[in-house]
Amino acid sequence: MVKIYVNNYEVDVPPGTLVIDAIEKAGYEVPTLCYLKGLFNEATCRICVVKVNGRVVPACKFPVSENAKIIVDDSDLRKLRKINLELLLATHEIKCWSCVRKGACELLDLSKKLGVEGIPVCSECSLREHSCLVLKGIPCLGPLTVAGCEAECPRRGSPCIGCRGYIVSEDVWAWALKNLYNGNIDLSELKSLVSFFWTYLPQNLRRLIEEVSSNNY
Amino acid sequence: MKVLTVDAGLQRADVLTVKVPLASCTLAAGASRVLESVKKTLEKLGLEATIKKVGCMGLCYLDPWIELEMRGAPPAIYANVKPEEVEKIVREYVKGNLSSALVIRGGTHDFKNVPTLDSLPEWKLQVRFVSRNCGLVDPESIEDYIRTGGYSGLKKALKLSREDVIEVVRKSGLRGRGGAGFPTWYKWRVAYEQKSDVKYVICNGDEGDPGAFMNRLLAESDPHRVLEGLIIAGYAIGASRGYIFVRAEKPLMAERLEIAASQARDYGFLGEKILGTDFSFDVEVYRSAGAFVCGEETALIAAIEGRSRPRQRPPYPATSGLWGKPTVINNVETLAHVATIFQVGLEEFTKYGTEKSKGTKMFCVTGSVKKTGVYEVPIGTKIKTLVYELAGGPPDGRAIKAVQIGGPSGGCIPADLLDLELDYETLQSYGAIMGSGGLVIIDDSNCMVDVAKYFTSFTLAESCGKCLPCRIGMKVISEVLEKITSGDASLEDLEVLKELGESIAKSSLCALGGTAPNPILSTLRYFRSEYEDHVIKKKCPAKVCSKLVRYEIDPSKCRGCTQCAKNCPANAISGSPGKTHVINYNRCIKCGQCLIACPFGAVTKV
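This one's a predicted model, so the numbers in the text were calculated from it and none came from an experiment.

The next thing to look at is the overall build of chain B. Broken down by element type, chain B carries 25 helices and 18 strands. For chain B, the C-alpha radius of gyration of 27 Å lies close to 25 Å, the compact-globule estimate for 606 residues. Summarising its shape, the C-alpha atoms of chain B cover approximately 85 × 65 × 40 Å along the three principal directions. Counting all 606 residues of chain B, 53% fall into the buried class. When contacts within chain B are restricted to residue pairs at least 6 apart in sequence, long-range pairs at least 24 apart make up 71% of them.

Laid out in structure tokens, this is it:
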């Protein structure tokens, strides 16, 4: 058994244990993407980076050594993970609306966890000149959908392009919901739409909807 | 020239000897045609002479050169020889007239206007330790090598125990010459201590940096030295098999190493029970289709196994390398150093270099200098000495702006920091790396953003694509650089470059990704104002980035000769003979043909 320190907690693990298993044993968690225990272990995605004795290494492939000091999370590592995830998303064809995973997606879960905000489709769309419908006061579901709904584009008079909208803060969400609610959609329709579209939901969306519908906002 | 000790018998032939260098570099410069011409000339003149094929001595700006020597006259070197000049050269030399020679290798003579080789700074300031034989011996002759003390190192090593051999290397303080400067003995010790039935040693001759060719030169000019080093390494760790990993793009290097190996086999330096000891060892020259990443040791091992991608270390190759067996990988130059250390002794090696890094290192100086070449100098020599004194400084009218050290993995050192010493730690602290030792000299006609863009495109193309930061991150960096050179960038993009570059360097899997952002980060660090000019003023100060420059015709100088309009491939210039011409910027493709064509200097680049 070798003695190691995970976030300053002492743990004893068998020699040759992978850092990721040692972290797990210590009760911590490290985000992973390409690592599939026992199946794929090539350390390609570099999401699970941790610091071992100050050196940045992938937890899924690096064996522990005696007295290793492992840091699972700090601002540095969070930044590295976030940048790497953003790089991955930059080449990922984001078509969540037609994706077979229907939201059961590690990439999106990870985006939530690491705080990678939704990248508005508008910036990728070939019709880039579209301006935001919500800003014009037209009810649309852009802010609620993650990547559209295969709906028609606003150029054709349809309300939603699934632009993933301005998901910046809770205030914007509330404001968008309010705009929608003041439009021609009633509360039940709004709720069903929101639950129908696979959405990048803030945690307290339910509360927001309640607030908006009760005109408390 | 301090260390060179060549057997006198080798230098003095009784009759005329013509040395013709045959290495890839001199062949490219036309040495094979010179050789043909030498053969014809000797036949025509009816001279009894030997033609000796030698390697390259590293003074590339002299290529192709020939050296003539004869009893009664000092050996003379003639540079930049054209095939048709050979006859005249030989005739004059035989008559004893050496006045047209470039340099005279040594001895007393009356030709005061011809300098001796030892008086040239590019020769005098060198310490030719591993390159001592380059350009002097026939690389395809083991006898030549043995005559210069070859394989005596192996004989000495085989008399020592394995621990003692490693101890000698430890005492020498030899560090890997491939780039990272890892202590050679340590790798050996770890591999030696592994209990395994099979162990391997690999000579890393992949050498892929643009502007670095010292390994090729060394292995082509003195292959036995590399081989001897490899055999000593094999003995030290108890390996039974060695590989020499050579790029298929360097066929001559592979061929010469193969010839060397077969000669060594004939002489009993390779094979079963070498020199009567229990040590059996053989080598194979492995040719790999070139990929820059194969210079990385885990990728190199994977390439021999059949799939060239790096893998995460540990385990380090010294514990689990080729086919999962303990493997030592050393650079060509490192192994040549090992052989030379055993031949001439530790003291000769350790008297050069710095406290932390002993010995000498071969550096390739290319780019904007008068005398491109490979120069072997002690580690710790100032960059300035190497660039200005040995390589002769920039061409007239130009000034040096930066020196890119270590190829695409290295960084740019600005001209005002050329006082720095060339050693592993100093260079690293200034954002460059020693790398294999290639120095690309960049003069003031170059745009540093463009330089960064070039190196990014190189690493981007050479990235194996396994790990994410290198594969996608470098792509994003190249896009941002493209944006900057097109004048579409904002100051935030510079922050993106920095942040992304640092992130790639930290989280990449292998050394390729770990060092790939170095050119960007170092140019950003030392030439930020140049980046800002592109971003804020939308101007390229060096007038290189074509999207940010514009060609203008000065009406006061234009005489209406129509040359510019005739040469314009885009028909962008209008004007009739005798009248001032005008460039139509909507059609102009900024090729610069008008600037070249104008006989009156009326076209300017702004």
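Having seen the model, we can carry on.
Another point: the overall build of chain A. Helices and strands together make up the secondary structure of chain A, namely 6 helices and 5 strands. Along its sequence from the N terminus, chain A presents helices and strands in the succession β-β-α-β-β-β-α-α-α-α-α. By the burial criterion, 34% of the 217 residues in chain A qualify as buried.

With that settled, consider the sheet that holds strand E13 (residues 411-414) of chain B. Residue and element names in this part refer to chain B. Read from one edge of the open sheet, 5 strands run E11-E10-E14-E12-E13, paired in mixed fashion. Two strands lie at the open edges of the sheet, namely strand E11 (373-378) and E13, each paired on one side alone. With direction set aside, neighbouring strand axes in the sheet form an average angle of 30 degrees.

Here we come to the interface of chain A and chain B. As a measure of interface size, the accessible area lost when the parts come together is often cited. At the junction of the two partners, chain A supplies 18 residues and chain B supplies 14 residues. Of all the secondary structure elements, the ones that give two or more residues to the side of chain A that touches chain B are strand E4 (55-58) and helix H2 (75-91) of chain A. The element best represented in the side of chain A that touches chain B is H2 of chain A, accounting for 8 residues. Broken down by class, the residue content of the side of chain A that touches chain B amounts to 12 nonpolar, 3 polar and 3 charged.

Right, let's talk about helix H3 (residues 106-114) of chain A for a bit. Residues and elements named next belong to chain A. Within H3, burial applies to Leu108, Leu110 and Ser111. Across the axial projection of H3, the buried residues extend over an arc of 160 degrees, all falling on one side. Buried positions along H3 lie against H2.

Split into domains, chain B comes out as domain 1 (8-116), domain 2 (142-349), domain 3 (360-443), domain 4 (448-537) and domain 5 (550-605). Summarising the inter-unit geometry, the C-alpha centres of domain 1 of chain B and domain 5 of chain B are found 49 Å apart.

Here we take up helix H16 (residues 383-390) of chain B. All names here are of chain B. For H16, every residue scored as buried is listed here: Ile383, Leu386, Val387 and Leu390. For H16, the angular spread of buried residues about the axis comes to 120 degrees, placing them on one side. Check the buried side of H16 and you find it contacts helix H5 (121-124), strand E10 (360-367), E11, strand E12 (400-405), E13 and strand E14 (438-443). Just downstream of H16, Gly392 is the residue with a positive phi angle, here 80 degrees.

All right, on to the pairing of E4 of chain A then. All names here are of chain A. Relative to E4, strand E3 (residues 49-52) is paired through 4 bridges, and the arrangement is antiparallel. Its bridge partner lying in E4, Val52 is registered against Arg55. Count of turn residues in the E3/E4 antiparallel hairpin: 2 residues, of which Asn53 carries a positive phi of about 50 degrees.

What follows deals with unusual backbone geometry. All names here are of chain B. Pro314 follows Arg313 through a cis peptide bond whose omega is -5 degrees. Assignment of secondary structure puts Pro314 in the loop between helix H13 (297-305) and strand E9 (327-331). That bond from Pro314 to Pro315 is cis: its omega, 5 degrees, falls within 30 degrees of zero. Relative to the helices and strands, Pro315 resides in the loop between H13 and E9. Unusually for a residue other than glycine, Thr562 sits at a positive phi of about 70 degrees.

Residues and elements named next belong to chain B. The strand order across the open sheet formed by 5 strands is E2-E1-E3-E4-E5, and the pairing between neighbours is mixed. Edge strands, defined here as strands with exactly one partner in the open sheet, are strand E2 (49-54) and strand E5 (103-104). Bridge analysis of strand E3 (residues 66-70) against strand E4 (residues 73-78) gives 4 bridges, and the strand direction is antiparallel. Bridge pairing in E4 links Leu68 to Ala76. Against the sheet, helix H3 (residues 31-45) makes contact with strand E1 (16-21), E2 and E3, and its axis sits at roughly 165 degrees relative to E1, the strand it touches most.

We now examine the nonpolar core. Most often, soluble globular proteins have nonpolar side chains that are buried together. All names here are of chain B. Ile232, Leu257 and Leu386 are the most contacted members of the largest nonpolar core, which has 214 residues in total. It is helix H11 (residues 223-237) that provides the largest number of residues to this core, a total of 9 residues. Ignoring any residue separated from it by four or fewer positions in sequence, one finds Leu257 in contact with Ala219, Pro223, Val226, Leu227, Ile244, Val246 and Val285. Among the nonpolar cores identified, the runner-up in size contains 12 residues, and Tyr551, Cys564, Cys598 and Val603 belong to it.

What follows is about the environment of Ala157 of chain B. All names here are of chain B. Take Ala157: it is sitting in helix H7 (residues 152-159). C-alpha of Ala157 to C-alpha of Val285: the two residues are 128 residues apart in sequence and 23 Å apart in space. Ignoring anything within four residues of it in the chain, the contact list for Ala157 reads Val165, Ile232, Tyr235 and Phe342.

So, on to the packing of H2 of chain A against H3 of chain A. Residues and elements named next belong to chain A. Two elements in contact, H2 and H3, have axes separated by 10 Å at closest approach and are oriented at 145 degrees. Helix-helix and strand crossings are classified by hand; for H2 and H3 the assignment is left-handed. Along the contact surface, H2 presents Arg81, Lys82 and Leu85, while H3 presents Leu110, Ser111 and Leu114.

Residues and elements named next belong to chain A. On average, residues of chain A score 72 in pLDDT, and 53% of them are at 70 or above. Throughout residues 146-153 the model reports pLDDT below 50, and contacts reaching past four residues in sequence, or to other chains, amount to 32 contacts. Taken together, the stretch residues 196-200 has pLDDT below 50 and engages in 17 contacts with residues farther than four places along the chain or on a different chain.

This part takes up the environment of Ile553 of chain B. Residues and elements named next belong to chain B. Its place among the elements puts Ile553 in strand E15 (residues 551-553). Ile553 sits in the buried class, given 21 other C-beta atoms within 10 Å. The spacing of Ile553 and His581 is 28 residues in sequence and 7.1 Å in space, taken between C-alpha atoms. Ile553 has contacts with Cys558, His581, Val582, Ile583, Ala602 and Val603, leaving out every residue within four places of it along the chain.

Both faces of the sheet carry side chains from a regular strand, because those side chains alternate between them. Residues and elements named next belong to chain B. Alignment of strand E7 (residues 241-247) against strand E8 (residues 282-288), held across 7 bridges, turns out to be parallel. In the strand pairing of E8, Gly242 is matched with Val283. Handedness of the crossover is the feature at issue here: the chain leaves E7, passes through helix H12 (residues 251-266), returns alongside E8, and the resulting connection is right-handed.

Residue and element names in this part refer to chain B. Averaged over chain B, the pLDDT score is 89; the fraction of residues at 70 or greater is 97%. Taken together, the stretch residues 1-13 has pLDDT below 50 and engages in 26 contacts with residues farther than four places along the chain or on a different chain. For this predicted complex, the interface confidence reaches an ipTM of 0.78, while the overall pTM sits at 0.81.

This part covers the packing of helix H9 (residues 184-193) of chain B against H11 of chain B. Residue and element names in this part refer to chain B. In the contact formed by H9 and H11, the axes pass within 8 Å of each other and the chain directions differ by 45 degrees. Our classification of the angle between H9 and H11 gives oblique. Residues Trp188, Ala191 and Tyr192 of H9 touch H11, and the partners they reach there are Ala233, Ala236 and Ile237. By residue class, the composition of the contact of H9 with H11 is 6 nonpolar, no polar and no charged.

What counts and how
- Residues numbered from 1 in each chain as written.
- Chains lettered and ligands numbered in written order.
- Predicted model: local features only at pLDDT ≥ 70, side-chain atom pairs only at ≥ 80, totals over all residues.
- Helix = DSSP H or I, 4+ residues; strand = E, 2+ residues; numbered from the N terminus.
- Rg over C-alpha atoms; globule rule 2.2 N^0.38 Å.
- Buried ≥ 20, exposed ≤ 12 C-beta atoms within 10 Å, placed from the backbone.
- Contact = placed C-beta atoms within 7 Å.
- Pairing = 2+ DSSP bridges.
- Axes fitted to C-alpha atoms, helices over the stretch in contact; angles between N-to-C directions.
- Nonpolar A, V, L, I, M, F, W, Y, C, P; charged D, E, K, R; others polar.
- Arc of directions from axis to C-beta.
- Domains from an automatic or database assignment.
- Core = buried A, V, L, I, M, F, W, Y, C linked by C-beta atoms within 7 Å.
- Left-handed = near helix turned anticlockwise from the far one by under 90°.
- pLDDT = per-residue confidence, 0-100.
- Right-handed = clockwise from strand over helix to strand, strands pointing away.
- Parallel < 35°, antiparallel > 145°, perpendicular 65-115°, else oblique.

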